[in-house]
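Secondary and tertiary structure notes
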Amino acid sequence: MAEVITSHGDNDVSLQLFARLEARRCLKDIEPQLFPEHGGPNHGEVVELYGTEGTGKTELLYHLLCRCVLPVASGGLEVDVVFVDTNYSLDMLRLVSILDSRLNADESDEAALHLCLSRLLVVHCSSSSQLVLTLHFLETSLSSRPGLALLAIDSISAFYWLDRCEGGASVTKQEEKLSKCIELLGRLLRDYRITVFATCHAIRRSYNGSSCSDYDRPYLCRPWQRLVTHRLLCSRQEAANNMQVFTVHCTSSGSMTKGYSSSSFYVTDRGVKFI
Amino acid sequence: MVVLREGMCPGLDEDLVRDLRAAGIKTVEDVVSSDIEELAQRCAVSYKALFAIRRVLLAQHAAFPVSGADLYEELLSSTAILSTGNPSLDALLDSGLYTGEITELSGGPGSGKSQVCFGVSVHISHRLKQSVIFIDTTGGLAAGRLLQMLRAETSNAEEQMEALQRIHVYRAFDVFSLLDCLHGLRAGRLRQALGGGSVKAVIVDSVSAVISPLLGGKQNEGMSLMMQVAGVLKTLAKDFNVASLVTNHVTRSGGGELQPGLGASWAPVPRTRILLERAEGAADVGHSSVRSATLIKSSRRPCLIKEEFDLRWWSRSGGEEASSGKREREETDSP
């Protein structure tokens, strides 16, 4: 891959080239239970966790985050993660309690925990305009941290109503801001070969014949639907003996892998436990 | 959307702003997303200067990433847990209201949401000696009721007055006044109004009263205003380290069970949600003050656990932890 570097006396450009060429950790094996056979998220792929409130999306996201930042000895992948928090919904105390329970007992707690947490970069955005600027800003972090393999967004649908109202009557104007973010996200995915996990809250019912109120109709703009390669539809089942069971249906439409898969889990103090 | 103005950063003078505007670049986002080389040629500015301006603008307006370790340290040192004053409710909430989070209390009419809010304010202002901001949107707050609850806590008139002074009441009967009030609090009225006292709780009773009339139909504005209120409440809770308690009404879901109102878009906003109902099988259903609280969303305790408690807990006599729990005074009318 030959690139012409025009010298502007800027170090960043050569650093960027290096960062792009160097392979980032592939997250195909992040959670085999969730995806179809050999079908985990590859470089440059996007996983969307979709569901209403209370269907376990956040717990699943924390489970995946912990898997990324934990040391290999405790069953992790030791990669850096950027967490984009769009509505102050990151529950740090919960994340730390899951990390704590998964770290091996023989390691010194404080130091190991600190190391895991330092692999996590948290960014808070309060509007889609700020999200666009932040993604641009994160490009420098991506260049300087080759260990960064995952970008987690919770949630991508946070600004939906704010943008819709600002856009007035025209649908194009309503979707303009988020489309810009997604375009930029697409470019970062291609250039830096990271993986993106994003949660999306379901707010629209789809009425299909006999069964109404099925919350699985996608409503975000078309560019996002095109960008998503794996869609995890989360739902909650009736509690049996006071245990909430959550189900995840995965639809993969990546270039290499197409398929379906279903899995169930329940949530314990130590995080997600697959059945 | 931040509009470009001269003086925003070194190198951005009036002429440059005018040239950029002529080239269609009006906001900071436009500068950051456009091709700098092409833009430099169009505006007859040096690439280096424009690149430097872009870099400064980006650093000024983008959100800055924080390491998880630092965030955790900060959280450990600043988070506080406020007891609600009622041990059953505390048990449900895992010791009480956490600062930096929104807790929602939903229930039908007469389920006791406002009474719980009053009880919590009285407890925080009298026992914990912290200030409380109470935003009343229904007109249901009466100082007499607060005084009645305080009289049960202490018989010292001075202490009662002090505690009442620590509860700051704001009235907002439509969503714009509510937003105004919240933005004002965020902008600094919080510090000013208290002159040194520390606010630990912001209670909004009720948030659905001003928002639900705007929802429904094809209007987007109601949803957008609801998300704006959510955003400001969260920012207020996080930046000023306060516990936010809001109340919500209830609706019936498709299957017939009670669920909190304001729909699926509001649902992810509160961190913890409690549903209040009249206790089933209570001896004297019409006049009983026993309520059952169900935890429907929590990141710390298993969901759907229930606790029963008596609304009269906050106005029980004696002021000390009465072991028998029996009231000796005349029963006043239920909420």
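Residue numbering note: each chain is counted from 1, following its sequence as written. By the order in which they are written, chains take letters starting at A while ligands take numbers starting at 1. Totals for whole chains, interfaces and linings use every residue, but because this is a predicted model, local features are given only for residues with pLDDT of at least 70 and side-chain atom pairs only at 80 or more, for both listing and counting. Processing note: side-chain calculations cover all non-hydrogen atoms of the structure and skip hydrogens and water entirely.

- If you check an unreviewed UniProt entry, chain A appears there as RecA family profile 1 domain-containing protein from Cyclopterus lumpus.

**Digging into the overall build of chain A**
- Segments assigned H or I by DSSP are reported as helices when at least four residues long, segments assigned E as strands when at least two residues long, and all are numbered from the N terminus. Per the secondary structure count, chain A includes eight helices and eleven strands.
- Here the term buried applies to any residue with accessible area under 20% of the maximum for its type, exposed to any over 50%, and partly exposed to those in between, with areas from a 1.4 Å probe on protein chains only. Burial statistics for chain A: of 275 residues in total, 56% are counted as buried.
- Exposure was quantified through the Shrake-Rupley algorithm and a 1.4 Å probe, taking into account, for residues, occlusion by the shown protein chains and nothing else. Carbon and sulfur atoms provide 52% of the accessible area of chain A, an area that totals close to 12,100 Å².

**Remarks on the pattern of salt bridges**
- We define a salt bridge as a contact between a side-chain nitrogen of Lys or Arg and a carboxyl oxygen of Asp or Glu at a distance within 4 Å. A full pass over the atoms with the stated rule returns 19 salt bridges over all chains.
- A salt bridge links Glu 48 of chain A to Arg 231 of chain A; the shortest N-O distance between them is 2.8 Å. Taken as a pair, Glu 48 of chain A in strand S1 (residues 46-51) and Arg 231 of chain A in strand S8 (residues 230-236) lie far apart in primary sequence, 183 residues in all. The pair Glu 48 of chain A / Arg 231 of chain A is uniform in exposure class, with both members buried.
- The partner of Arg 273 of chain B in a salt bridge is Glu 53 of chain A, and the shortest N-O contact between them spans 3.3 Å. Placement of Arg 273 of chain B in strand S11 (residues 272-278) and of Glu 53 of chain A in the loop between S1 and helix H2 (57-69) is noted, with the two residues assigned to different chains. Here the two residues Arg 273 of chain B and Glu 53 of chain A agree in accessibility, since each one is buried.
- Residues joined by salt bridges that share partners form a network here, namely Glu 53 of chain A together with Glu 104, Arg 273 and Lys 297 of chain B.

**Considering the interface of chain B and chain A**
- The contact criterion used is simple: two residues touch if any of their non-hydrogen atoms lie within 4.5 Å. The partner chain A presents 42 residues to the 46 residues of chain B that form the contact.
- Here the quantity called buried area is the total loss of accessible area, with a 1.4 Å probe, experienced by two parts when brought into contact, counted for both. Summed over both partners, the interface of chain B with chain A buries about 4,000 Å², with 64% contributed by carbon and sulfur atoms.
- Of all residues in chain B, Ala 63, Tyr 72 and Asn 220 of chain B bury the most surface against chain A, accounting for 14% of the area lost on that side.
- At the junction of chain B and chain A, the tally comes to three salt bridges.

**A look at the sheet that holds strand S13 (residues 306-310) of chain B**
Residues and elements named next belong to chain B.
- Note on pairing: DSSP must find at least two bridges between two strands before they are called paired. Here eight strands make up an open sheet; going across it, the order is S6-S5-S7-S8-S4-S11-S12-S13 and the pairing mixed. A strand with exactly one partner marks an edge of an open sheet, and here the two such strands are strand S6 (167-171) and S13. Put simply, the sheet's adjacent strands are angled 20° from each other on average, direction ignored. All axes are obtained by fitting lines to C-alpha atoms, using only the stretch in contact for helices, and the reported angles, taken between N-to-C directions, cover 0 to 180 degrees.

**Re the packing of aromatic side chains**
- Centres within 6.5 Å make a pair out of two Phe, Tyr or Trp rings, where for Trp the six-membered ring is used; the pair is then stacked when the planes are under 30 degrees apart, edge-to-face when over 60, and tilted otherwise. According to the stated counting rule, one finds eight aromatic pairs over all chains in the structure shown.
- Measuring from centroid to centroid gives 5.8 Å for Phe 118 of chain B and Phe 134 of chain B, while their planes differ by 40°, and the two rings are tilted. Of this pair, Phe 118 of chain B sits in helix H7 (residues 113-127) while Phe 134 of chain B is found in strand S5 (residues 131-136), placing the two residues 16 residues apart along the sequence. We note that Phe 118 of chain B, like Phe 134 of chain B, is buried.
- By the ring-pair criterion, three or more aromatic residues cluster together here, those being Tyr 50, Tyr 160, Trp 161 and Tyr 219 of chain A.
- Geometrically, a lysine NZ or arginine CZ counts as sitting over a ring once it is within 6 Å of the ring centre and also within 35 degrees of the ring normal. Its end group placed over the ring of Tyr 50 of chain A, Arg 231 of chain A keeps NZ or CZ at 4.4 Å from the ring centre.
- Over the ring of Tyr 98 of chain B we find Arg 300 of chain B; its NZ or CZ atom is 3.6 Å from the centre of that ring.

**What to know about the nonpolar core**
- Of all hydrophobic cores here, the largest spans 74 residues; its most connected members are Leu 151 and Trp 224 of chain A together with Ile 135 of chain B.
- Top element by residues in this core is helix H12 (residues 221-240) of chain B. It accounts for eleven residues.
- Beyond its immediate chain neighbours, meaning those up to four positions away, Trp 224 of chain A contacts Val 46, Glu 48, Ile 156, Ile 182, Leu 185 and Ala 198 of chain A.
- The next biggest cluster of nonpolar side chains, apart from the first, holds 47 residues, and it includes Leu 65, Leu 90, Leu 117 and Cys 250 of chain A. In plain words, nonpolar cores are sets of buried Ala, Val, Leu, Ile, Met, Phe, Trp, Tyr and Cys residues tied together by side-chain atoms within 4.5 Å.

**Quick look at helix H5 (residues 68-78) of chain B**
- Taken together, the buried positions of H5 of chain B are Gly 68, Ala 69, Tyr 72 and Leu 75 of chain B. Mapping the buried residues of H5 of chain B onto a view down its axis gives an arc of 125°, with all of them on the same face.
- Buried-residue contacts for H5 of chain B involve helix H3 (92-102), helix H4 (109-118) and strand S3 (120-124) of chain A together with strand S1 (66-67) and H12 of chain B.
- Polar contacts, as counted here, are pairs of nitrogen or oxygen atoms within 3.5 Å of one another; within protein the pair requires one atom able to donate a hydrogen and one able to accept it, and residues that are adjacent in sequence qualify only if both atoms are side-chain atoms. Between a side-chain oxygen at the N-terminus of H5 of chain B and the backbone nitrogen of Ala 69 of chain B the separation is 3.1 Å; the capping residue is Ser 67 of chain B. In this description, the arc belongs to the directions extending from the helix axis to the C-beta atoms.

**Regarding the confidence of the model for chain B**
- On average, residues of chain B score 85 in pLDDT, and 90% of them are at 70 or above.
- Scored below 50 in pLDDT, residues 318-335 of chain B makes 19 contacts in the model with residues more than four places away or belonging to other chains. Confidence scores labelled pLDDT are given residue by residue by the predictor and lie between 0 and 100.

**Considerations on the sheet that holds S8 of chain A**
- Across the sheet, ten strands lie side by side as S11(A)-S10(A)-S9(A)-S8(A)-S1(A)-S5(A)-S4(A)-S2(A)-S3(A)-S1(B); this open sheet has mixed pairing. Edge positions in the sheet fall to strand S11 (271-274) of chain A together with S1 of chain B, since each has one partner strand and no second.
- The sheet contacts of H3 of chain A involve S3, strand S10 (258-268) and S11 of chain A, and relative to S11 of chain A the element is tilted by about 55°.

**Concerning the side chain of Thr 235 of chain B**
- In this fold, Thr 235 of chain B is placed in helix H12.
- From its side chain, Thr 235 of chain B meets the backbone oxygen of Gly 231 of chain B in a polar contact 2.6 Å long.
- Leaving out residues up to four positions away in the same chain, Thr 235 of chain B has contacts with Tyr 88 of chain A together with Arg 186 and Phe 240 of chain B.

**A look at the environment of Ser 157 of chain A**
All names here are of chain A.
- Turning to its location among the elements, Ser 157 is positioned in the loop between strand S4 (148-154) and helix H6 (160-166).
- Given the relative accessible area of 8%, Ser 157 is considered buried.
- Not counting residues up to four positions away in its chain, the partners in contact with Ser 157 are Thr 199, Cys 200, His 201, Tyr 219 and Leu 220.
- Looking at Ser 157, its side chain comes within polar contact range of the main-chain nitrogen of His 201, at 3.1 Å.

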